[in-house]
Amino acid sequence: MKRNKQIDIKRALALASTFNFLCSCAKACLLPFLTLYFRQLGLTPVMAGVVMGTKHLISLVWCPVASLLFKHYNKRRVVIKGSLVCSAAVALVLLLIPRANTYTQSSACNMSDESSSPTRAAGDHLLMSSVGPTTLTGTSPKINTAAVSQSGVTFPVKTLTESPQLSEKNLKESVMVTNSVRKPNVSRSVVFHTTSPLATLGRNKRSKFNSDSEEQPEQEKEKPSDFMSSLKSMDFQHQLFFFILLTVSVWEFVSAPLEWTADDGLYEYLDFADASDHYSSTGVWGLLGAACGVAGVGSLVSQLSCLIAGQTPRSAVHFFCYAGLAALALPVAVFLPLYLNKKRDKANGLLKAVQLIRSSPRALLCAVTILLVGMAGSAVDNFLLWQMQDHGSGELHMGVSLAIALLSQAAFPLLVGRVSKLLSPGRVLAVGAACLGLQCFYYSFLWGPWAPLPAQLLSCFSSGALWWAVMVQCDDVATPGAERSVRRVYSTLSLELGSGLGSFGGGFVVQRFGLEWLFRGVSVGLMVWCVCLPLLQWKAPRQRRINYSRLLAADASEASDSESEQERDWLDKAMEDDKSNNNYGRRINH
């Protein structure tokens, strides 16, 4: 970029805000509902947690490395456009992965379309109430009694753990539904056994493999074990988990550099034009775009039938909306304002930011707090929709609930003036973490589809106020020019490292104890830390903040004073010389 080229700041901010809005809208159409889709495919809570945790850890490692590489080779715009195209393509690949034998859907889903299909077997109408998806086993039939609710009315239904050798006739005889109607209540999630062609093909392959292994056990032992043979020996659910993990890893690999690359290019562009103070104005458009995306796709999917085209479930609309909005953001990326500042060293900036955080006890307490908040937030992001689905919520309830949380977070700047007068940033940090703990505790006692809405209003403090306090801490600890690097270290600790660890742990807790105890455990942990945090902050030494702007102003005033004194000295000397010359002239005349 040449110095004599005119820079239009308003145009640059408009393009950056539009791009941020579209990208955030695209992510919100899919990412909040991704674990719900994994549940429908047949993954257990542990498997879903491992997939999401791997996704966050890949982003943790790959984003800084990719940012350095693309800056070194000056390929930022190419990377942004390639990331949009490739991420949309890889996301659609997830739709090609076949389901397991069971998948979960909300009771609000219109089952008339599925029940009227002539190609569905009698086993498709077998309903089971469970916390997570179940799989078929080869054990003897076992009859259990469970309550399954549809349209708000509960019917006693006998369920069956099906053997693959059961015939359709025996299955019809084993399922008995009475006509007695009990008191309406909210049921748990509904699991449908599907007989789609892809799932049938997977079962046929497994049965063929089992029969071959029984007929030739000696030949199988003689063959050397390799990766493909071990993959074939897995059951269909673990094969499904492996393919989903591989696809999500590739997806994160191509999509992770997008945000950092566009963010770095925009900041350096504004910094080159001496307008870096306008950089933060584009962040609110990301929250508004996410709110529009999650509410729009939730209302759209809720209006569709369970199957939109053949055997394609309506949850595929999330992927189509993600790909469509990513394609819509592509023309904006062509004109996105970017600039490469070769003097700014990214790696040294991040290392210096880590050293600054380590040198301040209060900054370390802030880092531990947001790490715990990130772990707790991953439990909400991954399993809140599971909890809502178990209590009768549909896509519309989920979308509206998440949109209210985002809008309340975006509204915090309107309250920051009053909050800063009442509470110090350290206390705001503790209050924000406590509000997240209260939200998690509330989520463990949901009773209906719209029950989460009141707790979502607390996101104004659990997200908005908390990150405002973190930004103030960044300004306190950072040296001039390192503020943005310190903020990035904090956000990476929470959104990537904390979310990754929380995803791994949350899946095991849900599998072992259930969804309710996950939220209660997270709530207790945050509350204990919020009690200890003020005490630790009180014990930590307070480092006096250096106001560099005042120092610069003082240096400027001292420089101006010295210049004025030099000017006065020069004038006095000139006047004295003039007087001496005049006196000398007078003496000569006389």
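Every value quoted in this text rests on a predicted model; they were computed, and no experiment measured them.

Participant: Looking at this structure, how should I read the overall build of the protein chain?
Facilitator: Along its length, the protein chain carries 23 helices and 7 strands. Among the 590 residues that make up the protein chain, the fraction classed as buried is 46%. Restricting the contact set of the protein chain to residue pairs at least 6 apart, pairs at least 24 apart contribute 84%. When the accessible surface of the protein chain is split by element, carbon and sulfur atoms take 61% of a total near 30,400 Å².

Participant: Just checking my understanding: could you explain empty space enclosed by the protein for this structure?
Facilitator: As enumerated under the stated definition, the model contains 2 cavities of 30 Å³ or more in all. By volume, the second largest cavity amounts to about 40 Å³. The wall of the second largest cavity is formed by L30, F33, L36, Y37, Q40, S315, H318 and E395. Sorting elements by how many residues they give to the lining of the second largest cavity places helix α2 (residues 34-41) first, with 3 residues. In terms of residue class, the lining of the second largest cavity is made up of 4 nonpolar, 3 polar and 1 charged.

Participant: Any chance you could explain the pattern of salt bridges here in plain terms?
Facilitator: It is possible for side chains of opposite charge to pair when their charged atoms get near one another. Tallied over the full model, the rule gives 10 salt bridges. The residue K27 makes a salt bridge to E259 at a minimum N-O spacing of 3.6 Å. Here K27 is found in helix α1 (residues 9-30), whereas its partner E259 is found in helix α11 (residues 257-272), with 232 residues between them in sequence. On the basis of relative accessibility, which here comes to 33%, the residue K27 falls in the partly exposed class. Its salt-bridge partner being R39, residue D390 comes within 3.0 Å of it at the nearest N-O pair. In this pair, D390 sits in helix α15 (residues 361-390) while R39 sits in helix α2, placing the two residues 351 residues apart along the sequence. Since its relative accessible area comes to 3%, D390 is described here as buried.

Participant: Sorry if this is basic, but what is going on with the packing of aromatic side chains here?
Facilitator: Between two aromatic rings, the relevant description is the distance of the centres plus the angle of the planes. Per the counting criterion, the structure on display carries 11 aromatic pairs. Ring centres of Y37 and F319 lie 4.9 Å apart, and the angle between their planes is 65 degrees; on these two criteria the pair is classed as edge-to-face. Taken together, the residues span a long stretch of sequence, with Y37 in helix α2 and F319 in helix α13 (residues 316-334) at a distance of 282 residues. Under the relative-accessibility criterion, Y37 is labelled buried at 5%. Each residue in the set F412, F461 and W468 is aromatic and connected to the rest through ring pairs, giving one cluster. Above the plane of the ring of W260 lies R488, whose end atom (NZ or CZ) is 4.1 Å from the centre. Between the NZ or CZ atom of R520 and the centre of the ring of W517, over which it lies, the distance is 4.8 Å.

Participant: What should I look at first to understand the environment of W538 in this one?
Facilitator: Turning to its location among the elements, W538 is positioned in helix α22 (residues 515-539). For the pair W538 and R362, spaced 176 residues apart in sequence, the C-alpha to C-alpha distance is 9.5 Å.

Participant: Before we go on, may I ask you to explain helix α4 (residues 76-93) in this structure?
Facilitator: Structurally, the α-helix is built with 3.6 residues per turn, so residues lying three or four positions apart point the same way. Taking 1.5 Å per residue, 18 residues should reach 26 Å; α4 reaches 26 Å between its end C-alpha atoms and fits that length. By the burial criterion, the buried members of α4 are R76, V79, I80, S83, L84, S87, A88, V90 and A91. Packed against the buried residues of α4 are α1, α3 (45-72), α10 (236-255), α11 and α13.

Participant: Would you take a moment to explain the packing of α4 against α11 for this structure?
Facilitator: Where α4 contacts α11, the axes come no closer than 9 Å and their chain directions differ by 145 degrees. For the pair α4 and α11, the crossing hand works out as left-handed. Of the residues in α11, those in contact with R76, V79, I80, S83 and L84 of α4 are P257, L258, T261, A262, D264, G265 and E268. For the contact of α4 with α11, the class distribution of residues is 6 nonpolar, 3 polar and 3 charged.

Participant: How should the nonpolar core be read in this particular structure?
Facilitator: The nonpolar side chains of soluble globular proteins are, as a tendency, buried together. Counting residues in hydrophobic clusters, the biggest one holds 94 residues, and the most contacted among them are F38, I244, V486 and Y490. It is α15 that provides the largest number of residues to this core, a total of 14 residues. In contact with V486, not counting residues within four places along its chain, are A353, L356, I357, C474, V477 and A478. By size, the runner-up hydrophobic cluster in this structure holds 16 residues, among which are L15, L22, I80 and A329.

Conventions and cut-offs
- Residues numbered from 1 in each chain as written.
- Predicted model: local features only at pLDDT ≥ 70, side-chain atom pairs only at ≥ 80, totals over all residues.
- Heavy atoms only, no water.
- Helix = DSSP H or I, 4+ residues; strand = E, 2+ residues; numbered from the N terminus.
- Buried < 20%, exposed > 50% of the residue type's maximum accessible area, 1.4 Å probe, protein only.
- Contact = heavy atoms within 4.5 Å.
- Areas by Shrake-Rupley, 256 points an atom, 1.4 Å probe, with all protein chains shown as cover.
- 1 Å grid on protein atoms, 1.4 Å probe; cavity = no way out; pocket = protein on both sides within 12 Å on 5 of 7 lines; lining within 4 Å.
- Points joined across faces, edges and corners; volume = space filled by probe spheres on them.
- Nonpolar A, V, L, I, M, F, W, Y, C, P; charged D, E, K, R; others polar.
- Salt bridge = Lys/Arg side-chain N within 4 Å of Asp/Glu carboxyl O.
- Phe/Tyr/Trp six-rings, centres within 6.5 Å; stacked < 30°, edge-to-face > 60°.
- Lys NZ or Arg CZ within 6 Å of the ring centre and 35° of its normal.
- Expected span 1.5 Å × (residues − 1).
- Axes fitted to C-alpha atoms, helices over the stretch in contact; angles between N-to-C directions.
- Left-handed = near helix turned anticlockwise from the far one by under 90°.
- Core = buried A, V, L, I, M, F, W, Y, C linked by side-chain atoms within 4.5 Å.

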